[in-house]
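An overview of the molecular structure
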Amino acid sequence: MALIFEIAILALKLNARQYKQQAQLHHSYIRQIVKMLFTEEYCEIYPAANSAQRRRMLAEALHTVLSHTYGARTAPLRELVEQAQLDKFLLHELKFCTNIKCAHLLMLMSAIPSQKQLVAELQSYLHSRHSHKRTAALLALLATSPSSAISTLSSAPFHLSAFDIARIIMLLRRGILPIAYEPLLASDNRNLQMLGLAIVRNFGIEIADKQLQNIIATSKEYAVTREALYTLSSLGRPLGRVKIRNKIASMPQHCRKELCRHLTHEGYSLAALRTLFNQNEMPHTEALIRSYKRNLEAV
């Protein structure tokens, strides 16, 4: 028993030592990458990664840096990935891992400039039953071949969730995806429309209000209509068009109450809300507005 206890203690110490070494290596790579990307002189000395562990830590460090920066230079990154063969290494690792680890490796691939030859191999992961795995594969594909982003998104064999779209918006903010919102809003594809709405909402594109009104008036998919309504109201635009009022009137009661709370929070006046909600709903609406006024007076 004493021997087993000593072996267990030794194993814990070894694991702690290994974790500490990995953390130190990770931090060292982060410092080197930041210096490489943001010093004025072009750095030709790239972090060494000549083992599986070092390549894994280098990929983790790249993901950490690029997840917190926008507009990083791509030339040195591509040279770094090519020298360490990071994309090929991660693709090889994908063949021998669980779904969770596979999703994580694919997420790392979405942060590094990969070769377009890898697109065909990444495509197969889009059809996984594991949601995190297929979403991570989609992000990796978008990062690997940004020029094909529209076709990749429109052919995705699953509906994008709000979390999926938020992660795509991160790629947009990093300047990886050259996507304009207009063709997305004009598309009949649900994924493209939902992404277009998210872009308008995240970047506050007020000139898109007419397109949003048209989507609300014509869309036959409730999720798209609802997102367009919330996007239009987040921009503070009028909701008085007859077709928009009719769409709101056709919503289930609990959804109308939820929308009412949102519009109150966005600062719509009582007069504006009276044109959208019936007389039976107005006491609830007025109570919400009074509660917000009291909160403001207390500040």
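About the thresholds
- Residues numbered from 1 in each chain as written.
- Predicted model: local features only at pLDDT ≥ 70, side-chain atom pairs only at ≥ 80, totals over all residues.
- Heavy atoms only, no water.
- Helix = DSSP H or I, 4+ residues; strand = E, 2+ residues; numbered from the N terminus.
- Buried < 20%, exposed > 50% of the residue type's maximum accessible area, 1.4 Å probe, protein only.
- Contact = heavy atoms within 4.5 Å.
- Areas by Shrake-Rupley, 256 points an atom, 1.4 Å probe, with all protein chains shown as cover.
- Phe/Tyr/Trp six-rings, centres within 6.5 Å; stacked < 30°, edge-to-face > 60°.
- Lys NZ or Arg CZ within 6 Å of the ring centre and 35° of its normal.
- Disulfide = S-S within 2.5 Å.
- Core = buried A, V, L, I, M, F, W, Y, C linked by side-chain atoms within 4.5 Å.
- pLDDT = per-residue confidence, 0-100.
- Axes fitted to C-alpha atoms, helices over the stretch in contact; angles between N-to-C directions.
- Parallel < 35°, antiparallel > 145°, perpendicular 65-115°, else oblique.
- Left-handed = near helix turned anticlockwise from the far one by under 90°.
- Nonpolar A, V, L, I, M, F, W, Y, C, P; charged D, E, K, R; others polar.
- Expected span 1.5 Å × (residues − 1).
- Salt bridge = Lys/Arg side-chain N within 4 Å of Asp/Glu carboxyl O.

1. Focus: the overall build of the chain
From N to C terminus, the chain includes 17 helices and 0 strands. Classification of the 299 residues of the chain by burial places 44% in the buried group. Within the chain, residue pairs in contact and separated by at least 24 positions form 63% of the contacts whose partners lie at least 6 positions apart. Surface exposure of the chain reaches about 16700 Å², of which carbon and sulfur atoms provide 55%.

2. Brief notes about the packing of aromatic side chains
Tallied over the entire structure, the rule returns 0 aromatic pairs. The ring of Phe 158 is capped by Arg 134, whose NZ or CZ atom sits 4.9 Å from the centre of that ring. The residue whose ring lies beneath Arg 173 is Phe 203, and the NZ or CZ to ring-centre distance is 4.7 Å.

3. A short note on the side chain of Thr 152
Note on placement: Thr 152 falls in helix α8 (residues 149–154). Residue classification places Thr 152 among the buried residues on the basis of a relative accessible area of 10%. Not counting residues up to four positions away in its chain, the partners in contact with Thr 152 are Leu 138, Leu 141 and Leu 142.

4. A look at the environment of Leu 80
The residue Leu 80 is located in helix α3 (residues 74–84) in this model. Put simply, Leu 80 and Ala 48 are 32 residues apart on the chain and 9.3 Å apart in space, counted from C-alpha to C-alpha.

5. Focus: the state of the cysteines
Per the counting criterion, the structure on display carries 0 disulfides. Lacking any disulfide linkage, Cys 97 is separated from the closest cysteine sulfur, that of Cys 102, by 4.3 Å. Relative accessible area serves as the criterion here: at 22%, Cys 97 is assigned to the partly exposed category.

6. Regarding the nonpolar core
Judged by nonpolar contacts, the single largest core of 90 residues is most densely connected at Leu 62, Leu 153, Ile 168 and Leu 195. Residues contacting Leu 62, with those up to four places away along its chain left out, are Ile 33, Leu 77, Leu 80, Val 81, Leu 86 and Ile 112.

7. Focus on the confidence of the model for the chain
Mean pLDDT over the chain stands at 84; residues scoring 70 or higher make up 89%. Per-element confidence in the chain is highest for helix α11 (residues 190–203), whose mean pLDDT is 96, and lowest for helix α17 (residues 282–298), whose mean pLDDT is 63. Here residues 294–299 scores under 50 on pLDDT; set against residues more than four positions off or in separate chains, the count is 0 contacts.

8. A closer look at the side chain of Glu 60
Locating Glu 60 in the fold gives a position in helix α2 (residues 52–66). What Glu 60 contacts, discounting residues up to four positions off in sequence, is His 26, His 104 and Leu 108.

9. Overview of the packing of helix α12 (residues 209–218) against helix α14 (residues 242–249)
Two numbers describe how α12 lies on α14: the axes approach to 9 Å, and their chain directions differ by 50 degrees. Compared by their axis directions, α12 and α14 come out oblique. For the crossing formed where α12 meets α14, the hand is left-handed. For the pair formed by α12 and α14, the contact residues are Gln 213, Ile 216, Ala 217 and Thr 218 on the first element and Lys 243, Ile 244 and Lys 247 on the second. Per-class residue counts for the contact of α12 with α14 are 3 nonpolar, 2 polar and 2 charged.

10. Observations regarding helix α9 (residues 162–173)
Helix length check: α9 (12 residues) gives 17 Å between terminal C-alpha atoms against 16 Å at 1.5 Å per residue, within 8%. When α9 is considered as a whole, its buried residues turn out to be Asp 164, Ile 165, Arg 167, Ile 168, Ile 169, Leu 171 and Leu 172. Just downstream of α9 lies Gly 175, where phi reads positive at about 80 degrees.

11. Looking at the packing of α11 against helix α13 (residues 222–234)
For any two helices packed against each other, one specifies the inter-axial angle together with the distance between the axes. Contact geometry of α11 with α13 gives a least axis separation of 9 Å together with a crossing angle of 10 degrees. Taken as axis vectors, α11 and α13 run roughly parallel relative to one another. When the axes of α11 and α13 are compared, the crossing they make is left-handed. Where α11 approaches α13, its residues Arg 190, Gln 193, Met 194, Leu 197, Val 200 and Arg 201 are matched on the opposing element by Ala 223, Val 224, Glu 227, Ala 228, Tyr 230, Thr 231 and Ser 234. Looking at the contact of α11 with α13, its residues break down into 7 nonpolar, 3 polar and 3 charged.

12. Let's talk about unusual backbone geometry
The phi dihedral of Gln 85 falls on the positive side, at around 50 degrees, and the residue is not glycine. Mapped onto the fold, Gln 85 is located in the loop between α3 and α4 (86–93).

13. Considering the pattern of salt bridges
Enumeration according to the criterion identifies 5 salt bridges in this entry. With its nearest N and O atoms 3.0 Å apart, the salt bridge here joins Glu 227 to Arg 201. Of this pair, Glu 227 sits in helix α13 while Arg 201 sits in helix α11, and the two are 26 residues apart along the sequence. Take Arg 201: its relative accessible area is 32%, and that puts it in the partly exposed class.

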